[in-house]
Every structure is written in structure tokens, then in C-alpha cells.
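Residue strings, one per chain:
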Amino acid sequence: QVQLVESGGGLVQPGGSLRLSCAASGSIFSIYGMGWYRQAPGKQRELVALITSGGSTDYGDSVKGRFTISRDNVKNTVYLQMNSLKPEDTAVYYCNAQIEVVTVNEYWGQGTQVTVSS
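Conventions and cut-offs
Residues numbered from 1 in each chain as written. Predicted model: local features only at pLDDT ≥ 70, side-chain atom pairs only at ≥ 80, totals over all residues. Heavy atoms only, no water. Helix = DSSP H or I, 4+ residues; strand = E, 2+ residues; numbered from the N terminus. Rg over C-alpha atoms; globule rule 2.2 N^0.38 Å. Contact = heavy atoms within 4.5 Å. Areas by Shrake-Rupley, 256 points an atom, 1.4 Å probe, with all protein chains shown as cover. Buried < 20%, exposed > 50% of the residue type's maximum accessible area, 1.4 Å probe, protein only. Lys, Arg positive; Asp, Glu negative; His and termini not counted. Salt bridge = Lys/Arg side-chain N within 4 Å of Asp/Glu carboxyl O. Polar contact = N/O pair within 3.5 Å; in protein donor to acceptor, adjacent residues only side chain to side chain. Phe/Tyr/Trp six-rings, centres within 6.5 Å; stacked < 30°, edge-to-face > 60°. Lys NZ or Arg CZ within 6 Å of the ring centre and 35° of its normal. Core = buried A, V, L, I, M, F, W, Y, C linked by side-chain atoms within 4.5 Å.

**Details of the overall build of the chain**
And then number 1: On a plain count of helices and strands, the chain comes out with zero helices and eleven strands.
And then number 2: Counting from the amino terminus, the chain carries its helices and strands in the arrangement β-β-β-β-β-β-β-β-β-β-β.
And then number 3: Its C-alpha atoms give the chain a radius of gyration of 14 Å, near enough to 13 Å, the size a compact globule of 118 residues would have.
And then number 4: Oriented by its inertia axes, the alpha-carbon framework of the chain measures out at about 45 × 25 × 25 Å.
And then number 5: At a minimum sequence separation of 6, the contacts of the chain that also span at least 24 residues come to 54%.
And then number 6: Approximately 6,200 Å² of the chain is accessible, and the part contributed by carbon and sulfur atoms is 47%.

Shown next, in the form of C-alpha cells:
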């Protein structure tokens, strides 16, 4: 059984910063791509950032230059450093990973709320 557990969400003022973490645990053989998505009320889930096992990254247009994704392959953990936060960044943030146990499957975390408000 594989689990992705997110942490680090919360309430922050506009212009502030937060760091999200997502740790994968269980009978993991290998982890490939990892990423973060978000879903605001009444909107579709959207890509925030992706990172490959080799460290290549990609970002959604709305967060480029403000957010940074990174990963620790020893700890099976992916991070999202969010700077210069805006009210429109308010959403539930979900961790995603492609993980090989016997075959490669996609896993999701339970989500963590990020609220940007004064």
C-alpha cells in the first residue's frame, strides 16, 4: 500500500510564503514523476508544478517565477516553495506521483488547504 501525505498548508497574508511537503511511503520500488496540482472552489483541478526523477521541472503559467518545486529522492519527498502568494493562489493543493510497486500507478495525496488572505 502506498500513501502520499501532504503537510505545510495554512493561512498566509498576500505576499507571504509557504512550503508544502509531500512524503510517499509504503512498498515503493521506484518513484518517477512527482507534482503538485490545485483546485479552487468551483474550478477544475490545475497543474501547479512537475518534477521528474532526474530533476527537470515544469510550472503552470500562473505560478512561474513565484513557486519552486524540488524533491529528495532519499526521503521520497517532494516540496513546493511558494513565494509572493496572491489571493488567487487560494486552493486545495494535491500531491501526485507515479510510483512503481509491481507496476507503475498514479497516486494522489489527500490535499492540503492553502488560503491567502489579509
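Don't stop here, the text continues.
**Topic: the side chain of Arg71**
And then number 1: Mapped onto the elements of the fold, Arg71 is located in strand β7 (residues 67-72).
And then number 2: Despite being buried, Arg71 has no salt bridge partner; Asp72 is the closest side chain of opposite charge, sitting 8.3 Å away.
And then number 3: Within polar-contact distance, the side chain of Arg71 engages the backbone oxygen of Ile31 at 3.4 Å.
And then number 4: Separated by 3.1 Å, the side chain of Arg71 and the backbone oxygen of Thr52 make a polar contact.
And then number 5: In contact with Arg71, not counting residues within four places along its chain, are Ile31, Tyr32, Gly33, Met34, Ile51, Thr52, Ser53, Thr77, Val78 and Tyr79.

**Description of the environment of Asp58**
And then number 1: The topology assignment puts Asp58 in strand β6 (residues 57-59).
And then number 2: In the structure, Asp58 is positioned eleven residues away from Ile69 in sequence and 8.6 Å away in space, judged by C-alpha atoms.
And then number 3: In this structure Asp58 touches Val48, Ala49 and Leu50, once residues within four positions along its chain are discounted.

**Comments concerning the packing of aromatic side chains**
And then number 1: Taken as a whole, this structure holds one aromatic pair when the rule is applied.
And then number 2: Seen from the ring of Tyr94, Arg45 lies directly overhead, with NZ or CZ sitting 3.8 Å from the centre.

**Comments concerning the nonpolar core**
And then number 1: One finds Trp36, Leu80, Met82 and Tyr93 to be the most contacted residues of the largest nonpolar core, which totals 29 residues.
And then number 2: Elements with a contribution of two residues or more to this core: β1 (2-7), β3 (18-26), β4 (30-39), β5 (46-51), β7, β8 (77-82), β9 (91-100) and β11 (112-116).
And then number 3: For this core, the element with the most residues is β9, which contributes five residues.

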